[in-house]
Every structure is written in structure tokens, then in C-alpha cells.
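Given next are the chains, with one letter for each unit.
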Amino acid sequence: MIDTILAPIRQTLDHHVQARVLPDGSGVDDQGAAKIVNPFDEIALEAALRLKEQGVAARVVAAVIGPAETEKALRTALAMGADAAALVEVEELPEPPRVAQALAALARREGAELVIMGKQAIDDDLGVTAQMLAARLGWPQAMFAAELRVEDGVAHVLCEADAGTRTLKAPLPCVVAADLRLAEPRFVSLANVMKAKRKPIERLSAAEVGLEVAEAHTPLLKVEATRRRRAGEMLADVDALIATLRQRGLWPEGQG
Amino acid sequence: MDVLVLAARDAPGASGALVDEERTARLVAAARRFSGVVDVLLPAAADDGAARMAADGLAALQGVRRVWLAADARLTGWLAEPLAALLADVVRCEGYARIIGDSSLAHRDVLARLAGLLRAPALTDVVDIIDADTVRRPMYAGDILATVGIRSELAVLLLRAVAFAPAEKIAEEAAVEVVVPEMPGNLPCPVELLEEEAGDSSGRPDLGRARIVLGMGRGAMDTESRALLLQLAEKLGAAVAATRAVVDEGLAPNDWQVGQTGKQIAPALYIAFGISGAHQHLAGIADAETIIAVNTDADAPIFAAADHGLAMDARKALKALLAELGEHVPDE
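What comes next is a walk through the structure. Keep in mind the model is a prediction, meaning the values are calculated, not measured. (Residues numbered from 1 in each chain as written. Chains lettered and ligands numbered in written order. Predicted model: local features only at pLDDT ≥ 70, side-chain atom pairs only at ≥ 80, totals over all residues. Heavy atoms only, no water.)

Here we take up the overall build of chain A. Helix and strand counts for chain A come out as six helices and 15 strands. Seen through its principal axes, chain A has C-alpha atoms that stretch 65 × 50 × 40 Å. Going through the 256 residues of chain A one by one, you find that 55% of them count as buried. A fraction of 71% describes how many contacts in chain A between residues 6 or more apart in sequence connect residues 24 or more apart. As presented, chain A carries roughly 11100 Å² of accessible surface, and 50% of it is formed by carbon and sulfur atoms. For chain A, the centre of its 30 positive side-chain charges and the centre of its 37 negative side-chain charges are spaced 2 Å apart. (Helix = DSSP H or I, 4+ residues; strand = E, 2+ residues; numbered from the N terminus. Buried < 20%, exposed > 50% of the residue type's maximum accessible area, 1.4 Å probe, protein only. Contact = heavy atoms within 4.5 Å. Areas by Shrake-Rupley, 256 points an atom, 1.4 Å probe, with all protein chains shown as cover. Lys, Arg positive; Asp, Glu negative; His and termini not counted. Charge placed at Lys NZ, Arg CZ, Asp CG, Glu CD.)

Printed below as a string of C-alpha cells:
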């Protein structure tokens, strides 16, 4: 049995909410907007909890690096069943290389033998932190995991690929990044939500995980809303649809 | 600013080729905007005929100075640990300032790890290179287009290849040198690749390259509609895409998923069957030239994102289209 699984999570804007641009175009207005646990991190946490329930791991530690308000995401993680929670409080979310650095420090501090996290956060859509963390730790990585089994110190991972899948065998310790099919997050009961409110959260300063204030390497210079509107011309029937395709030379001729 | 391009990987089993030359040509053309030398690295399991042929093809791309043919059995299957370690070695020795790849899963796996090894930032889904230190990329499922500065000497950029026109091929005699780098003895190989399953495309074109793509959404989420959609795809020579809901339901494999967390496509025509138009899905089809939506719900948001709409049951529409093509379809 392994001792600890680290499940880093991010808090993101609720994906049902359309991101709004600040009037000066300097960023996204998320004040007062609904926030959720990044869906891929929630899947990752669920996978970690199942490993614990299978007797593969002794405990699951959820961790957040973010502003004080991200404590809410940790409460959700505790309500789902995480045994412990760590919050590294920073004013602003650091860039991925520094998040990876902080998570590496946390993984060592917690004695984690496995890190399971989402393949990407649905706000910045970067999807690079898990790989950077694995590189930092010098651990193997299994990205885009769809199935995970841990046995005798080895992770057997079915990974999504550009076409089809790959089956990897990665020795622990390693980093696994969750894709959509890895697990279905459990329903959290109200009783567990209430219990989670009383569970302790370990608070760490940025310095305790080696984070120093640094200039941004990839500053956001400007953001714009993009959605391209199209004509949305309604067609009367299938014949009109075929006529449209024919016009564009996209309908096979000489048949039917 | 000197650039190293990682050759785009061809889907295993698709054509037996080592490299997706067309996609690599797009990366090379984009890399030339950094006005330095452009070298391409091609990983291969061995220095054999197939590897040489692939390398020669890349050497003929306009703007390429050198092709590194990294031939080593340890690079089989593009496992991230050895390949990223090798790339880090090459980048440090040659002093490249930008490392460019595409936004495929294969490249995300390897190149974000490389960025981790180099302590460099990595930006994915880059759709525009404004100058050597400024790029644009979508965020928030494509709701937002961000202009991002690069304030570091080294950076890894993963491009959406379809957003860049491909570099041309120049005459063979102008082709540049192919160099086999000396392989480090200590490449880390902790992970074993047990199996690489190519997935079942039944001869359909690749989603990223197909001229026509048929999309399957919640309103076409039954086995009959699925069969009709595949039949129509075959007649039109189209690829097939699905929304997350359909993948979740197990009616489509993961590699059909198009959207924020799936693939981004740019076909000449996208026909959305029974797709409501959640912005997560729209993020993947924004670059389609023409979008046609078929959905029973005339108020579905997909119609605002489409060029043409047809308010009709997806299954009925599929049947009517197939009948028009002389295909036998069961009666209602």
C-alpha cells in the first residue's frame, strides 16, 4: 500500500457562465461570478479517492495554490472525502512553472508517492502544469488518463491519444493527469458538506513551498471577447440544405 | 531568434508514416516568423529507410536549415521522459530560444515536460504569432482571445497548426542536411509502453484534415442516429465528431470529441446534428468555414453560431439526406 496521494486542485469559473472581459481589456471579470472546482481536478480527486477506498493508498491530500477564496474548493474536496487539505495562500495564481515548483515542494513535504491532477484547467486552458510538475520532481508521467490501476508500486494507465489510446506502465512515484473518462465525481451529501466545514485546513505561506514574488514570464497583455457571429439563416427543408451543399460543391453529384 | 520545431507525429497506424509532414510544414512556416534559423527534430525508433524518407521530406520544406534525425530505440512511441530529456540536451547545446510544436496530445505530453526541464514557460493553442515576444491564444473555451507577452529567453509554444499556412516544399536538390545527433547514454526510460491502439476510424479521414465533418450531439444520441451518421459520413467522405455528452454516454470514443477539451477542427463544412451549441463545443468548431446546424429546437444556441440552420429532428434529416443519395434507409 502507498501512503499518500496528492490531489492538487484549482478553482475555476463555472463553465456554465460565459467569461466577461473587463472594460479595459486587461483581463476577465470574475468578481462575484460562480466558481467551481476545475472539472478535471474533480475527476482526478475522485480517482484518488477510489484508490484509497480500494486499499491502494492510505490517504488523499487535496491542495490548492491560490487566493484565500479558493478555500471553498478545498472544502468541496474534503466533503468528497479527502483526508487532509493544504492551502498555499497567494494573492494571485502563479504561472504554471511556479505552480509546478510549489506543487513539487508540497509533494515532497507530504511524502506523496502519486500525484493525480486534471489535464487542464478550464479557464486558462493551458494544460501544462502536470507535465511540468513531473519534470520538476524527476518522476514519470501518464497524461490524459482514462483508466488507472495501481498494483505493486506500478501505475497501469490507459491514456487518451490523438487517435485511439495508449497503455502505459509507470513505476511510482509518478504524476497522472486525468482526462474525462477517468472517473465520474461522486455526489456530495449535505451531511458531508457540513462535516467538511469543521475539518482543518493546513495553511502554508508561499515561502514555505519556495515561492518567491517574480515578474510574470507570460503576462496577459490584452483580452478580447471573440465569439464570431454567423448569419444563422434558417433553411426550409432538407432540399434547401442539399441545395446549399451543392452550391459549395460539397454534395456528391451523379447519385440518387 | 533560433527555433527548434518538433516534427508533428502521425497518428500511429493511420498511414505507417513517422511524421505528419503537412502539419509540420505549418509549424515550420510559423517558426520562420521568429527570423532566426529553423531546425526540425524528428524522433524515430531507428535510422532506417522510413526515417530517412521522412527526414528528407522535412528537409525539403522551405525555411528549414537542418533536420535532426534522432534515431534511437528508446524514442519508440514518443514517450515523454526520454524524448523531453533529449530535446532539453539539444536545446541547451544549440541555444534555441523558442521550441515549437503543435497542440496535439503527443506534443503536449512531451513539450510541456520539456518546458518543465528547462524551467521555461509553455503556451498552448497559439493561433497567432504577432512578433517574437507576443502571441495570441484562446482561453475560457474560446470565449476569450488573449494577447500574451513572452518575457523569458526560452519559451515553448504549442501552436494550433490549422491556424498557420504550410511552408512550401522546395526542389529536392535544395534540400538541407539531415544530421543524426549523438544520443546521450543516460536517457531516462522509466515508463513502458505496453500498447498503442490506433482506434477505429474505418477508413474515415482524420478529423484534423477532413474537408467535411459531421458532428453528433445529444439530439442524435442513439444507436440508430449514430449508424445513419456513419453511413452519411461514408457517402460524403466525411470525418465524424461528437460532443462531450455523447462521449460521456459511451456512444463515441474519446478521440471524436471536438471542443474546449477535445480537438479543434477547421473543415470546409461542419454539419452539426442534434448539437445544442454549448460554448465548450463551439470552441472546437469556430474555425470551420461553413457551419450548418440541424436541431429540433429552433431556439438552440447552435443556430446563432451557424451559417445555416435547419429546425428538424436530426434522425429524420439524416434519413432524408441518405435517401437523396440513393441509400437504403429503414422507413419511419
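For the bond running from L172(A) to P173(A), omega is -5°, close enough to zero to count as cis. Along the chain, P173(A) falls in the loop between β11 (165–171) and β12 (174–178). The backbone of W78(B) sits at a positive phi, close to 55°, despite the residue not being glycine. Along the chain, W78(B) turns up in the loop between β3 (64–71) and α3 (80–94).

Glancing now at the nonpolar core. L106(A), L133(A), L41(B), L87(B), I100(B), L111(B) and L159(B) are the most contacted members of the largest nonpolar core, which totals 110 residues. When residues no more than four places from it in sequence are discounted, the contact partners of I100(B) are V3(B), L4(B), V5(B), L6(B), L27(B), A31(B), F34(B), L111(B), L157(B) and L159(B). Listed in part, the 88 residues of the second largest apolar core include L180(A), V238(A), M221(B) and L232(B). (Core = buried A, V, L, I, M, F, W, Y, C linked by side-chain atoms within 4.5 Å.)

In terms of strand pairing, strand β10 (residues 154–160) of chain A meets β11(A) through seven bridges, oriented antiparallel. Note that in β11(A) the partner of V154(A) across the bridge is P171(A). Between β10(A) and the antiparallel strand that follows it, β11(A), lie four residues; G164(A) among them carries a positive phi value of about 85°. Pairing of β11(A) with strand β11 (residues 192–197) of chain B involves five bridges; the strand directions are antiparallel. Within the sheet, the bridge partner assigned to T165(A) lies in β11(B) and is E197(B). (Pairing = 2+ DSSP bridges.)

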